[in-house]
Amino acid sequence: VHARGRIIQDFGEPSRPPKIGPHCSVLTSEDVYQATIKSHLDYGASFRLADTVHVDDGVMVVTLTPPPATGMIQGFEAHCVHPASFDAALHPLSLLVSERERGARIHLPSGCGRFQWFRSNATIETAVGKINRSGDGFLDVSLWLQDQNGSVVAEASNFVLAETSITKPAEKVWQYREK
């Protein structure tokens, strides 16, 4: 699956992420990654960075574990946001669609209207996602990536996730593999 979009460095101010309600559901890392496995998408241990997820009325707050200090971190300074952290922020988005509706389908990135970063090389500790709208086979979401102080360091708007069904081979589960 390929995604396309435009990345700009923005010297303005980020928009404010939505707040989660007091009656939210809490999901664990195990919940998130068991759901992705049911959709035939098994992330390797270095990519399982979504720790806890609070969900309420189309809004989610994901607490992220920092990426491992070996292997993938090499070359991090070349990225405005660590790729594994950004990827992990997206993992729970499909869970905003009910399991009955989801079945074995999963939503994967297919486009981004705008991605703004406000501070490079920050460690992303929290991601806030909000479904703006959903349609026939897609989710249009906004995503805010925050550092340990809760400051927004990057923001994606009109981020489109397309519904995808991954076919499970006879005895294997598709897996993102680490090199």
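In what follows, the accompanying structure is described. (Residues numbered from 1 in each chain as written. Predicted model: local features only at pLDDT ≥ 70, side-chain atom pairs only at ≥ 80, totals over all residues. Heavy atoms only, no water.)

### Points about the layout of surface pockets
In this structure, the second largest pocket spans a volume of roughly 180 Å³. What lines the second largest pocket is Ser15, Arg16, Pro17, Pro18, Lys19, Ile20, Val61, Val128, Gln146 and Gly150. (1 Å grid on protein atoms, 1.4 Å probe; cavity = no way out; pocket = protein on both sides within 12 Å on 5 of 7 lines; lining within 4 Å. Points joined across faces, edges and corners; volume = space filled by probe spheres on them.)

### Observations regarding unusual backbone geometry
Here Asp57, not a glycine, exhibits a phi torsion of approximately 50°, which is positive. The topology assignment puts Asp57 in the loop between β4 (50-56) and β5 (59-64). Positive phi is not limited to glycine here, since Asn158 has a value of about 50°. Among the secondary structure elements, Asn158 is positioned in strand β9 (residues 152-165). Take Asn158: its relative accessible area is 39%, and that puts it in the partly exposed class. (Helix = DSSP H or I, 4+ residues; strand = E, 2+ residues; numbered from the N terminus. Buried < 20%, exposed > 50% of the residue type's maximum accessible area, 1.4 Å probe, protein only.)

### Here we look at helix α2 (residues 83-90)
Quick reminder: α-helices carry 3.6 residues per turn. Residues three or four places apart thus point the same way. Counted residue by residue, α2 has 6 buried out of 8 residues, so it is predominantly covered. Listed as buried for α2 are Ala84, Ser85, Phe86, Ala88, Ala89 and Leu90.

### Digging into the pairing of strand β7 (residues 126-135)
Bridge analysis of β5 against β7 gives 5 bridges, and the strand direction is antiparallel. Of the residues in β7, the one forming a bridge with Thr63 is Thr126. In terms of strand pairing, β7 meets strand β8 (residues 138-146) through 9 bridges, oriented antiparallel. Residue pairing across strands places Lys130 opposite Ser142, the latter belonging to β8. (Pairing = 2+ DSSP bridges.)

### Considering the packing of aromatic side chains
One pass over the full model with this rule turns up 3 aromatic pairs. Both rings, one in Tyr33 and one in Tyr43, keep their centres 6.0 Å apart while their planes meet at 75°; by these two values the pair is edge-to-face. In this pair, Tyr33 sits in helix α1 (residues 29-38) while Tyr43 sits in strand β3 (residues 42-43), placing the two residues 10 residues apart along the sequence. As far as burial versus exposure is concerned, Tyr33 and Tyr43 are alike and both buried. Centroid distance Phe86 to Phe159: 5.9 Å. Interplanar angle 85°. Geometry classified as edge-to-face. Of this pair, Phe86 sits in helix α2 while Phe159 sits in strand β9, and the two are 73 residues apart along the sequence. Put simply, the rings of Phe86, Phe115 and Phe159 touch in pairs and so form one group of aromatic residues. (Phe/Tyr/Trp six-rings, centres within 6.5 Å; stacked < 30°, edge-to-face > 60°.)

### Side note on the side chain of Glu155
Looking at the secondary structure, you find Glu155 in strand β9. Arg114 is the oppositely charged side chain nearest to the buried, salt-bridge-free Glu155, at an N-O distance of 7.7 Å. Within the structure, Glu155 has its side chain in polar contact with the side chain of Ser15 (distance 2.5 Å). In contact with Glu155, not counting residues within four places along its chain, are Pro14, Ser15, Arg114, Phe115, Gln116, Phe118, Leu143 and Trp144. (Lys, Arg positive; Asp, Glu negative; His and termini not counted. Salt bridge = Lys/Arg side-chain N within 4 Å of Asp/Glu carboxyl O. Polar contact = N/O pair within 3.5 Å; in protein donor to acceptor, adjacent residues only side chain to side chain. Contact = heavy atoms within 4.5 Å.)

From the geometry alone we can't say anything about function, so treat these as descriptive.
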